[in-house]
Amino acid sequence: MVVTPSDCCKDLISSRTCLLSFASKFDKGSSNNNTLGSNTIALATATLCCWLVDRLLAPHRKPHVVGDVNIHEVCERVRAVLLAEYPKGLSVQRDYDLSIPEFRGDKEQLIQAVMNIAQNAALALGDLRARGKANITFKTRVARQITMGKVRYRLALELHVMDNGPGVPAAIKDRLFYPLVSGRDGGTGLGLTLAQTFVQQHQGWIECESEPGSTDFKILIPLS
Ligand SMILES: Nc1ncnc2c1ncn2[C@@H]1O[C@H](COP(=O)(O)OP(=O)(O)O)[C@@H](O)[C@H]1O
Ligand SMILES: [Mg+2]
């Protein structure tokens, strides 16, 4: 089961009583049962936040479904969803190296990872979509002699999801993949954390280079 933010809100409301009783156990210094000390509130809030983040990240603990993955099928699935969701003003280009071999992996997880990255791009392209000038490109290449997590791989797959939007806000650039880091109203800040988790489950890595007019999320996954 995928846990949505709305599930967590319900949990939050129903956990309020538990939170207060939990907090009061630590509130040795307070003489009034209805007034909790600020340290206690901070501790209890931090504990609850950790628990909520854990629940939101729960999908990555689903069992890995491993099969043969064709990265271009992954891209095409995401592309079809984007074009259906944004039928006007957005072009989604492909620049594929069709010689890239299939690899063992969890296709649904990788679709989710690429979808999260591409959806961010589409959202960042709001103004350009309105002017009919928004562009997302999926580019695949083979990379050779790549080192990831201190391991050297002879061959890796490189998937770039590029857009011509305004770029990642400077204020969050260094923390982009951390949970709960968002640069937009209503964002959860979990999309890129999940994407990174899913790609890491394939021994891979995601990097981002971004400046106004050009953002490039590069997914690397070892092939051999
Ligand atoms: N292609 C992009 N262009 C501009 N900003 C981006 C892009 N991708 C991600 N971001 C920024 O990174 C933030 C974090 O993304 P994410 O982890 O998916 O959380 P959310 O989408 O819920 O905010 C976004 O809010 C946005 O500010
Ligand atoms: Mg997102």
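Preceding block: the structure.
Residues numbered from 1 in each chain as written. Chains lettered and ligands numbered in written order. Predicted model: local features only at pLDDT ≥ 70, side-chain atom pairs only at ≥ 80, totals over all residues.

## With respect to helix 6 (residues 191-200)
- With seven of 10 residues buried, helix 6 lies mostly within the body of the structure.
- Turning to helix 6, its buried residues are Leu 192, Thr 193, Leu 194, Ala 195, Gln 196, Phe 198 and Val 199.
- Buried residues along helix 6 sit against helix 4 (107-124), strand 6 (205-211) and strand 7 (214-222). (Buried ≥ 20, exposed ≤ 12 C-beta atoms within 10 Å, placed from the backbone. Helix = DSSP H or I, 4+ residues; strand = E, 2+ residues; numbered from the N terminus. Contact = placed C-beta atoms within 7 Å.)

## Considering helix 4
- Between its first and last C-alpha, helix 4 extends 26 Å over 18 residues, near the 26 Å set by a 1.5 Å rise per residue.
- Within helix 4 the residues assigned to the buried category are Gln 109, Leu 110, Gln 112, Ala 113, Val 114, Asn 116, Ile 117, Ala 118, Asn 120, Ala 121 and Ala 124. (Expected span 1.5 Å × (residues − 1).)

## Focus: the environment of Ala 118
- With respect to the helices, strands and loops of the structure, Ala 118 is situated in helix 4.
- Taking the C-alpha atoms as reference points, Ala 118 and Met 162, 44 residues apart in sequence, are found 8.5 Å from one another.
- Leaving out residues up to four positions away in the same chain, Ala 118 has contacts with Val 78, Leu 82, Ile 136 and Val 161.

## Re the environment of Gln 203
- In this fold, Gln 203 is placed in the loop between helix 6 and strand 6.
- Discounting residues that sit within four places of it in the chain, Gln 203 has contacts with Met 148 and Pro 222.

## Topic: the site of ligand 1
- Within the structure, ligand 1 sits among 22 residues, and Asn 120, Ser 182, Gly 183, Gly 187 and Gly 191 are positioned closest to it.
- Elements with a minimum of two residues in the shell around ligand 1: helix 4 and helix 6.
- Among the residues forming the shell around ligand 1, the class breakdown is nine nonpolar, 11 polar and two charged. (Near = placed C-beta within 6 Å. Nonpolar A, V, L, I, M, F, W, Y, C, P; charged D, E, K, R; others polar.)

## Thoughts on the packing of helix 4 against helix 6
- Packing of helix 4 against helix 6 leaves a shortest axis separation of 9 Å and a crossing angle of 145°. The hand of the helix 4/helix 6 crossing is left-handed. Here Gln 109, Leu 110, Gln 112, Ala 113, Asn 116, Ile 117, Gln 119 and Asn 120 of helix 4 come into contact with helix 6, specifically with Gly 191, Leu 192, Leu 194, Ala 195, Phe 198 and Val 199.
- When grouped by side-chain class, the residues that make up the contact of helix 4 with helix 6 number eight nonpolar, six polar and no charged. (Axes fitted to C-alpha atoms, helices over the stretch in contact; angles between N-to-C directions. Left-handed = near helix turned anticlockwise from the far one by under 90°.)

## A closer look at the nonpolar core
- Grouped together as the largest cluster of nonpolar side chains are 35 residues, with contacts concentrated most on Val 114, Ile 117, Val 161 and Ala 195.
- Breaking this core down by element, the ones donating at least two residues are helix 3 (71-85), strand 2 (90-95), helix 4, strand 4 (134-148), strand 5 (151-163), helix 6 and strand 7.
- By residue number, the principal contributor to this core is helix 4, which donates seven residues.
- Leave out the neighbours within four places in its chain, and Ala 195 touches Ala 113, Asn 116, Ile 117 and Ile 206. (Core = buried A, V, L, I, M, F, W, Y, C linked by C-beta atoms within 7 Å.)

## As for unusual backbone geometry
- With a phi close to 65°, Lys 150 is a non-glycine residue in the positive phi region.
- Mapped onto the secondary structure, Lys 150 falls in the loop between strand 4 and strand 5.
- The backbone of Leu 180 sits at a positive phi, close to 70°, despite the residue not being glycine.
- Structurally, the position occupied by Leu 180 is in the loop between strand 5 and helix 6.
- Residue class for Leu 180 comes out partly exposed when judged on the 14 C-beta atoms lying within 10 Å of it.

## So, the sheet that holds strand 5
- The strand order across the open sheet formed by five strands is 2-4-5-7-6, and the pairing between neighbours is mixed. Each edge of the open sheet is held by one strand with a lone partner, namely strand 2 and strand 6. Going from strand to strand, the sheet's axes swing by 20° on average, the running direction of each strand aside.
- Where strand 4 meets strand 5, 12 bridges bridge the pair, whose relative direction is antiparallel. Its bridge partner being in strand 5, Arg 141 is matched across the sheet by Glu 158.
- Together, strand 2, strand 4, strand 5 and strand 7 form the strand contacts of helix 4, whose direction differs from that of strand 5 by roughly 30°. (Pairing = 2+ DSSP bridges.)

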